[in-house]
Structures are given as structure tokens and as C-alpha cells.
Amino acid sequence: MSRILAIVLLVASSLAWADGDRTPPLVDASWLEAHLERDSLVVLDVRSGIDNGGDRSSFQNAHIPGAVYSSYTDDGWRESRDGVTGLLPPVANVERLIGSLGISNDDTVVVVSAGTGATDFGSAARVYWTFRVLGHDDVTILNGGFAGWKAAGYRVDSGEGTQRNVEQFEGTLQPDLIASLEEVQEARGSQAQLVDARPGDYFRGENQSPAARAPGTIPGSRSLPHADFLGEQNAVWYLNEEGITARINQAELNAGTRTIAFCNTGHWAATDWFVLSELAGFEEVALYDGSMAEWSQDSNRPLQVAKKGLGKLLDLFN
């Protein structure tokens, strides 16, 4: 536990890093304002209807100066295949998307979500994860999103945003950051940790996403709700670094064990992946983008649900 605490405190102090050091994974509005004029910095606004933060019209009304816009839900950051929602598209598709935004392999990317709720941090985390999966490590998330930028009193622009020249972005797939269905199946009989990022009622099987064909969780999973890492301050939602250690310890997770985060469609799980991998210093963390949407497709795959009146989960084989 002390090891996790030390790592979290180290990362929490990273916001004061000087130029020339690796960009910290999470920055605040003051950091961004101080670096905004750097030629190699790209502010990527990914607001969409998923977070009540609006869409392109909201971006046109107000955005961080110099930002470029790409809808998290509509522009191809995720795709549906074989009836499964939320999957990582083919690498070539994502390369084209990123390059079309004028982002090169030499750029520092600051991902900006709305900052208006617990769910929308997952938009930034999932896009961040996508860059890391493609081997682009010079990426960070603006804590508090656009709402946090406005709350800090910094200038905003209106209009279409910066129109950057198309770049030839080239990714190098990092397979260790992606968990396949086969790995998840094997993880149940190994030392790997499965982490369910959904709210507790989904984990217990009391609620069910339309994307999943049955309620419950993958047997043996630990509950680590994504929303527990977020908190609201004056209508702005921030990731609370100070609460990370307590949440991880409560879930009894080991930082040295291979960890796989999942949810319904790989959105909420991106927040857990980000916290565990980028802030808490876990050695091996992967995101199962198929999540319950894929796992629950086959009735032969086991599920766990909580039996009412009992404080434990029971195996349920459909």
C-alpha cells in the first residue's frame, strides 16, 4: 500500500514539472495556459453528446484558443463490429483520423472533454488510451476539461477553431495495452486482476446496459467504479488524485499484477485504466474494449450476480 501511495504522491507533484521533462499525464488549466503558445502543442477538444457537454456547435460557441475539434462519439475513435459497440478501430483508420486533425508524431496532445460530469472524463481517457495504444506517449488530459478552463477565467475563442494542415501520423501498436476476449478468458484462471469500472449496481447485476445481453459481471472481478475517482467543484468535474490510494486499497488491488479494466463498452473502463496505469503506477494495465458487450454475447460464458439479501456474488451460467 505504501508503494502505491508513494507513486500517487509523485505523480500529484508532476504538475509542476518544467519544460523539457515528459509531459505529465494529467494537467490543470494553469499548466495549459502556460504552455498554450508552444508550436508543437495541440489542444484536442473531444466534447460530444455523451457528456451533456455539447457537440461541434458548442465548440464553435466557445473553446480553448487554438483548439481543434473532433467528436468522441461521431468521428471514429470507436467502432462497432460483429454486434459489439465501442471497439478500437483498425490502426490505419485511427492514423488517418489523427493525421486529418493536423496532429503529427512530434506533437504534444492535450485531450479536452467537457468537464461537466463523471462520465465525460472517460471520453478524454479513452482518446488518451488510443494515442498510447498507437505508441504516442506525448499526450495528456486537461483535468476539469473545458468547464475547468472557463472556471479558471482564461480566454476562450469562438468559431471553427484552428485548421491545421493534414499530417501523416504513423502509429505503432502496443498490444500489451489491449486485452482480447481470449486473454480475459484466460485471466479468470490466472493471477491477472479483472477490474469492473461500472457503478456498483451494474457490478452486482441489479442494472444492465443495453449493450450487454445479460446482467452481472465477469466472475472473479473486483469492483472499482470509475465515478469514485471524480468529484464536482462549482459545477466542474475533476479527477481527484488525493482519493486514488484509498479507492485502490479498498479494491485490494496489487500494483505488480497484470490488470485488465472493463465496463460495458470500454468507455468507463478507460478512466480506471488511466488512473491505474498513468497515475497509480501499476506495472501492466490493459483495457478490454469489448467489455460486457462482447463477453455477454455468448451464453456459455459465465456471469456473476449478487443474490438479493446476500453480500456476495453468485455464479450465473446463462
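Before any of the text, the structure's been laid out above.
Residues numbered from 1 in each chain as written. Predicted model: local features only at pLDDT ≥ 70, side-chain atom pairs only at ≥ 80, totals over all residues. Heavy atoms only, no water.

> Now, about the nonpolar core: what can you tell me, with residues and values included?
The nonpolar side chains of soluble globular proteins are, as a tendency, buried together. The biggest cluster of nonpolar side chains holds 56 residues, and the ones touching the most others in it are Leu44, Trp77, Phe131, Leu239 and Phe274. For this core, the secondary-structure elements that each account for two or more residues are β2 (41–45), α4 (91–100), β6 (108–112), α5 (121–133), β7 (139–142), α9 (244–250), α10 (268–279) and β13 (285–287). Leu44 has contacts with Val68, Ser70, Trp77, Leu101, Ile103, Val109, Val110, Val111, Val112, Val127 and Phe131, leaving out every residue within four places of it along the chain. (Core = buried A, V, L, I, M, F, W, Y, C linked by side-chain atoms within 4.5 Å. Buried < 20%, exposed > 50% of the residue type's maximum accessible area, 1.4 Å probe, protein only. Helix = DSSP H or I, 4+ residues; strand = E, 2+ residues; numbered from the N terminus. Contact = heavy atoms within 4.5 Å.)

> Which residues make up the packing of α5 against α10, and what values do they have?
With their axes 8 Å apart at the nearest point, α5 and α10 run at an angle of 60° to one another. For the element pair α5 / α10, the angle class is oblique. For the pair α5 and α10, the crossing hand works out as left-handed. Contacts between α5 and α10 involve Phe121, Gly122, Ala125, Arg126, Tyr128, Trp129 and Arg132 from the first element and Ala270, Thr271, Trp273, Phe274, Ser277 and Glu278 from the second. Counted by class, the contact of α5 with α10 contains 7 nonpolar, 3 polar and 3 charged residues. (Axes fitted to C-alpha atoms, helices over the stretch in contact; angles between N-to-C directions. Parallel < 35°, antiparallel > 145°, perpendicular 65-115°, else oblique. Left-handed = near helix turned anticlockwise from the far one by under 90°. Nonpolar A, V, L, I, M, F, W, Y, C, P; charged D, E, K, R; others polar.)

> With reference to specific residues and values, describe the sheet that holds strand β1 (residues 26–27).
If you walk across this open sheet you meet the 5 strands as β1-β7-β6-β2-β3, and the pairing is parallel. The open sheet has two edge strands, β1 and β3 (68–69), and neither has a second partner. With 2 bridges connecting them, β1 and β7 associate as parallel partners. The residue bridging Leu26 from the neighbouring strand is Ile141, located in β7. Contacts from α5 reach β1, β2, β6 and β7, with the element oriented near 175° to β7. (Pairing = 2+ DSSP bridges.)

> Account for the sheet that holds β13, with residues named and values stated.
Taken in spatial order, the 4 strands line up as β9-β8-β12-β13 in an open sheet, and their pairing is parallel. Lying at the two open borders of the sheet, with one neighbouring strand each, are β9 (222–223) and β13. Here strand β8 (residues 193–196) pairs with strand β12 (residues 259–262) via 4 bridges, running parallel. What sits directly across from Gln193, in β12, is Thr259. Packing of α10 onto the sheet brings it into contact with β8, β12 and β13, and relative to β13 it is tilted by some 165°.

> Got a sec to walk through the packing of aromatic side chains? Specific residues and values, please.
Per the stated rule, a full pass over the model turns up 8 aromatic pairs. Ring centres of Phe121 and Phe274 lie 5.7 Å apart, and the angle between their planes is 65°; this geometry places the pair in the edge-to-face category. Note that Phe121 is positioned in helix α5 and Phe274 in helix α10, a separation of 153 residues in sequence. Accessibility assignment for this pair places Phe121 and Phe274 in one class, buried. Taking the centre distance of 5.0 Å and the plane angle of 85° together, the rings of Tyr128 and Phe274 count as edge-to-face. Linking Tyr128 in helix α5 with Phe274 in helix α10, this pair joins segments that are 146 residues apart in sequence. (Phe/Tyr/Trp six-rings, centres within 6.5 Å; stacked < 30°, edge-to-face > 60°.)

> Go over the side chain of His63, please, and point to the residues and values.
Within the secondary structure, His63 is located in the loop between α3 (56–61) and β3. One polar contact links the side chain of His63 to the main-chain carbonyl oxygen of Phe59, over a distance of 2.7 Å. The residues touching His63, leaving out its near neighbours within four places in the chain, are Asp45, Arg47, Phe146, Val156, Asp157, Ser158, Gly159 and Gly161. (Polar contact = N/O pair within 3.5 Å; in protein donor to acceptor, adjacent residues only side chain to side chain.)

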